[in-house]
Amino acid sequence: MTAILALIAWYAGQHNVTAQEFNEAFASIPLAAIILAMFFDYGLDSGKLYDKMIKKPSNRMLGLIYAVIASVVFFFAFLWIITGNIQAASAASVVASAVVALLVLMPNTGTSEWILWLWIAETLVTAGKFLTILPGVS
């Protein structure tokens, strides 16, 4: 987890992502997507998602591989939800999507609402300017 967080921080530093840009990108994530991320996080942490998608992994390494694959998919899904076009994504959107994917991947976060609390904080910081309930359909 530390390596992933370091990679996110390095990427943000290389692309000069400011705190305000991150705030705006994270606050622009629709509330419905945040709630979906919370359910996904709970499913990963409780093992219930694996039981539904595939048989329960026989070893922990296989479970970790499934979680990483799911987080990569989630990263790209959130990047698309934030930007509407992955190819035109800003560096701040990439960092915000990576933070969501990291929070989903982190163990034992599914029983707390870290993603929701961060989204609420970012929405307050931006005075609700980017508040969206459902993602736009293109």
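Structure shown above.
Residues numbered from 1 in each chain as written. Predicted model: local features only at pLDDT ≥ 70, side-chain atom pairs only at ≥ 80, totals over all residues. Heavy atoms only, no water.

(A) Inspection of the overall build of the chain at higher detail. Of regular secondary structure, the chain possesses 7 helices and 0 strands. Split into buried and exposed, the 138 residues of the chain put 39% on the buried side. Once local pairs closer than 6 in sequence are excluded, the contacts in the chain between residues at least 24 apart make up 72%. (Helix = DSSP H or I, 4+ residues; strand = E, 2+ residues; numbered from the N terminus. Buried < 20%, exposed > 50% of the residue type's maximum accessible area, 1.4 Å probe, protein only. Contact = heavy atoms within 4.5 Å.)

(B) Quick look at a nonpolar patch on the surface. Together, Met61, Leu64, Ile65, Val68, Ile69, Val72, Val73, Phe76, Trp80 and Ile86 line one region of the surface with nonpolar side chains, adding up to about 920 Å² of accessible area. With respect to the element layout, Met61 can be found in helix α5 (residues 60-83). Here Met61 falls in the exposed class, since its relative accessible area comes to 54%. (Patch = residues over 30% accessible without salt bridge, like charges linked within 9 Å, V, L, I, M, F, W, Y side chains within 5 Å. Areas by Shrake-Rupley, 256 points an atom, 1.4 Å probe, with all protein chains shown as cover. Salt bridge = Lys/Arg side-chain N within 4 Å of Asp/Glu carboxyl O.)

(C) Structural context of the nonpolar core. Among the nonpolar cores identified, the biggest contains 33 residues, and Phe26, Ile29, Val100 and Val104 are the most heavily contacted of them. Secondary-structure elements contributing two or more residues to this core are α1 (2-14), α2 (19-27), α3 (31-46), α5, α6 (91-105) and α7 (114-125). With 12 residues, the top contributor of residues to this core is α6. Contacts of Val100, omitting those with residues within four sequence positions, involve Phe26, Ile29, Ala37, Phe74, Phe78 and Ile115. (Core = buried A, V, L, I, M, F, W, Y, C linked by side-chain atoms within 4.5 Å.)

(D) The arrangement of the packing of aromatic side chains in detail. In the structure shown here, the tally under the stated rule is 4 aromatic pairs. Both rings, one in Phe40 and one in Phe74, keep their centres 4.3 Å apart while their planes meet at 15°; by these two values the pair is stacked. Taken as a pair, Phe40 in helix α3 and Phe74 in helix α5 lie far apart in primary sequence, 34 residues in all. Ring pairs connect the aromatic residues Phe40, Phe74 and Phe78, which therefore count as one cluster. (Phe/Tyr/Trp six-rings, centres within 6.5 Å; stacked < 30°, edge-to-face > 60°.)

(E) Focus on the side chain of Asn23. Examined against the element boundaries, Asn23 turns out to sit in helix α2. Asn23 sits in the buried class, given a relative accessible area of 12%. With near-sequence residues (within four places) excluded, Asn23 lies in contact with Glu122, Val125 and Thr126.

(F) Region of interest: α5. With 24 residues, α5 should cover 34 Å at 1.5 Å per step; its first-to-last C-alpha distance of 34 Å lies within 8% of that length. Every buried residue of α5 is accounted for by Gly63, Ala67, Ala70, Ser71, Phe74, Phe75, Phe78, Leu79 and Ile82. Downstream of α5 by a residue or two, Gly84 has a phi angle that is positive, lying close to 80°. (Expected span 1.5 Å × (residues − 1).)

(G) Local environment of the packing of α3 against α6. Interhelical geometry of α3 versus α6 gives an angle of 35° and a closest axis separation of 8 Å. For the pair α3 and α6, the contacting residues are Ala37, Phe40, Asp41 and Leu44 in the first and Val100, Leu103 and Val104 in the second. A per-class count over the contact of α3 with α6 returns 6 nonpolar, no polar and 1 charged. (Axes fitted to C-alpha atoms, helices over the stretch in contact; angles between N-to-C directions. Nonpolar A, V, L, I, M, F, W, Y, C, P; charged D, E, K, R; others polar.)

So yeah, pure geometry; function would need other evidence.
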